[in-house]
Amino acid sequence: MFDALPAKPDHDALELAILDRWEQERIFDQLRAKNADGPRFSFVDGPVTANKSLAVHTAWGRTLKDVFQRYKALRGHHQRYQNGFDCQGLWIEVGVERELGLNSKREIEEYGLEAFAAHCRAVVEKSSAELTKGSIRLGQWMDWGNDYYTFSDTNIEYIWRFLRIVHDRGWIFRGHRATEWCPRCGTSISAHELVGSYTDREDPALSVRFPLLERPGEAVVIWTTTPWTLPANVAVAVNPTARYGRLANGDWIGVERGEGREFVETLPGSELVGWRYEGPFDHLGPGAEVAHRVIGWDEVALDEGTGLVHIAPGCGTEDFELSKTEDLPVLMPVDESGVFVADFGWLAGRGAHDAAADIIADLRSRELLVDAGTITHRYPECWRCHTPLIFRISDDWFIGVDEIREPMREANATVEWTPEYMGKRMDDWLVNMSDWNISRRRYYGLPLPFYPCACGHLEVVGSRADLARLATTPLDDLVELRRPWIDRIAIRCPACGDEVQRITEVGDVWLDAGIVPFSTLGWENPAWIDQGYATGAAKGLTTADLPDHAYWEEWFPADWVSEMREQIRLWFYSQLFMSVALTGRAPFRKVLGYEKMLDEQGREMHGSWGNMIDAPDAFARMGADVMRWQYSAQPPTQNLLFGFGPGFEIQRRLLTLWNSASFFIQYANIAEFTPSLDDLDSGPDGDLDHLDRWLVQRTRLLVAETTEAYEQFLSVNVLRAFELYLDDVSNWYVRRSRRRFWNGDTAALRTLW
């Protein structure tokens, strides 16, 4: 007898019962034991940031990973099932700052770096437990408890070794350049973190008059949306081939920007080059030492503003590059907190963006302001704390990319990308990638093992053993390979013998995640170490071993990885970079990427908008299976519009499956039907109706179609095939065979079962 089904499924209760059965009967362990001798399918999990509980957008990626690992398990493949957690960087720090009521680097240092580090670790411990709980509720099968944590000392040592190797090749250098900077976090932001970090912002838009020194009563007029950069002005750029005109009041602007106004004199931009002018804030001090002049620059556009560009090399990347070719001085008006330094008079102590109104008022009072309005434009913000960025000159540590660019492109060409265009996007990124800014002036992160000596020698420590050999004191008090403990360890310079301190910077978090295919699989590790990954901050959180090199050779490269499209420039990129540097080949054979999640109306999800959906709420109201259906039915080339509306529609459609099963159970019990497992191999035999034979063949077609879709890593095609099949079962087979079921027809029952 079959258990009768209720009229509608209680998704939440049904799923909890299944989870309980899996746990009680150790189904996952049985599956792994059954497949232990099967062919290997290597999957590397992209680490989820351990600073939150499970969110519905994170559940999307976790579902796709689980779907395809389950498929491979059904085909008998042996798998590792290792989950990963990202544990360092601004993701963790900013949240901890908010919890503790801290709002600056000074306040963190006053709080104490040891206490701050302990609080960060506590957040990781709590969040990783919550994420595990949510993932289990989602139905994801992983080897929970054997997770990797990127703040493990083992992971850090592997990155140190990578840095030592690229240093030996001459790729590591300290750069002095203009960079995007978060004034709240007090650190630079790298190029791959900027993509996707632009938001619509309203800023001042003003035209400002710079009086010409050799042409009394005349002035060049520039246009800017960043008033705070005006005190750092050193030049004005014009397009040498464009025409510029003088208005009746003496102001020079681009003729194309005249908007019908009459000019009393016009000249090509090339004839303006060399004109000298008075800077707008020379009276404050630093600008008075500058010989302000007009320069030619082919990149000056005349589609907005005045056609004359204000140049402040201390506040912009392009401006800084111009300073090298035009031999321009560089004024740096703000410190790392985005506050004007003391040299700038009444502006000292004011925030860069906060000073805009006073700067405009000052220009107006001195009759230098031509006009002032506002503009809504795309402007970069900190990807973590959402503070508007500024540009400032910074000395950061970089890995040069010129030698690795083409090898990375060649390696990427060996990867099968789904969708295919994402592979082309990776190639575009590699063609245009700039040197990798790997340093951050923060606290809870990978300590860069750089020891620059006054003699000119840079020592890059490649391991804890190397550190112990070079250190001037024992490492007994080195609790973890992180700040503040490692800051107390000095080394003896191998070149001159002087004592050298480590730089205080920590590393880009994508170093942490990019090394995972090596650190978790035991690359070049001579002997297996039980719980060898459970080191440093990860001790007590995982039981993960550090395998040996033979194990790495078995499992590297990954057969398949999957993450959102934005990871092209982040995790996929950092993995590819580090793998090509270490082995000369890609770390993965196939990649599934997918677009982003929006709400069901097509808007971004934000808590303040009231459209954010918590995963526990979604589990309770629609069920994990319905969520997984939404995720799996989504074409990877399109944004997912996720919500309860689509979820309830899926529930309604799944009633067709539920009702078909309920129909079968009702008549199978009346007929006292007992199924035979042999029917699953080749279908029922004997005297079958033509509809029975059709459904058997239709089922074989479904198997073929879904197998092909799974092999292509396209779950959307699996569900498309299944929905068509389900319609055939319900609306054709069942509906046209009702009388046979009423009569207890064994062939019909065997076929439908």
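Above this note sits the structure.
None of these values were measured; they are calculated from a predicted model.

### So, the overall build of the protein
A tally of helices and strands in the protein yields 26 helices and 27 strands. When the backbone C-alpha atoms are referred to their principal axes, the protein occupies close to 105 × 70 × 45 Å. Look at the contacts in the protein between residues 6 or more apart in sequence, and 75% of them connect residues 24 or more apart. When the accessible surface of the protein is split by element, carbon and sulfur atoms take 49% of a total near 32,400 Å². The centroid of the 78 positive side-chain charges in the protein is displaced by 3 Å from the centroid of its 114 negative side-chain charges.

### Topic: helix 6 (residues 113–138)
Under the 1.5 Å per step criterion, the end-to-end length of helix 6 is 37 Å for 26 residues, consistent within 8% with the ideal 38 Å. One or two positions beyond helix 6, positive phi appears at Gly139, with a value near 100°.

### Thoughts on the pairing of strand 25 (residues 588–594)
As a general feature of sheets, a regular strand has side chains that alternate between the two faces. Most of strand 25 sits out of view: five of its seven residues are buried. Pairing geometry for strand 16 (residues 416–418) and strand 25, over three bridges, is parallel. Following the sheet pairing, Thr418 is matched in strand 25 by Leu592. For strand 24 (residues 558–564) and strand 25, the ladder comprises six bridges, and the chain directions are parallel. Residue Ala558 lies in a different strand from strand 25, and its bridge partner there is Phe588.

### What to know about the side chain of Lys72
Take Lys72: it is sitting in helix 3 (residues 56–74). Accessibility expressed as a relative area gives 9% for Lys72, which makes it buried.

### A few points about helix 18 (residues 571–583)
An ideal rise of 1.5 Å per residue puts 18 Å on 13 residues; helix 18 measures up with 17 Å between its terminal C-alpha atoms. Extensive coverage of helix 18 is indicated by the burial of 12 of its 13 residues. Listed as buried for helix 18 are Trp571, Phe572, Tyr573, Ser574, Gln575, Leu576, Phe577, Met578, Ser579, Val580, Ala581 and Leu582. At the C-terminal side of helix 18, Gly584 shows a positive phi close to 80°.

Parameters and conventions
- Residues numbered from 1 in each chain as written.
- Predicted model: local features only at pLDDT ≥ 70, side-chain atom pairs only at ≥ 80, totals over all residues.
- Heavy atoms only, no water.
- Helix = DSSP H or I, 4+ residues; strand = E, 2+ residues; numbered from the N terminus.
- Contact = heavy atoms within 4.5 Å.
- Areas by Shrake-Rupley, 256 points an atom, 1.4 Å probe, with all protein chains shown as cover.
- Lys, Arg positive; Asp, Glu negative; His and termini not counted.
- Charge placed at Lys NZ, Arg CZ, Asp CG, Glu CD.
- Expected span 1.5 Å × (residues − 1).
- Buried < 20%, exposed > 50% of the residue type's maximum accessible area, 1.4 Å probe, protein only.
- Pairing = 2+ DSSP bridges.

In short, the description is geometric, and any link to function would need to be established separately.
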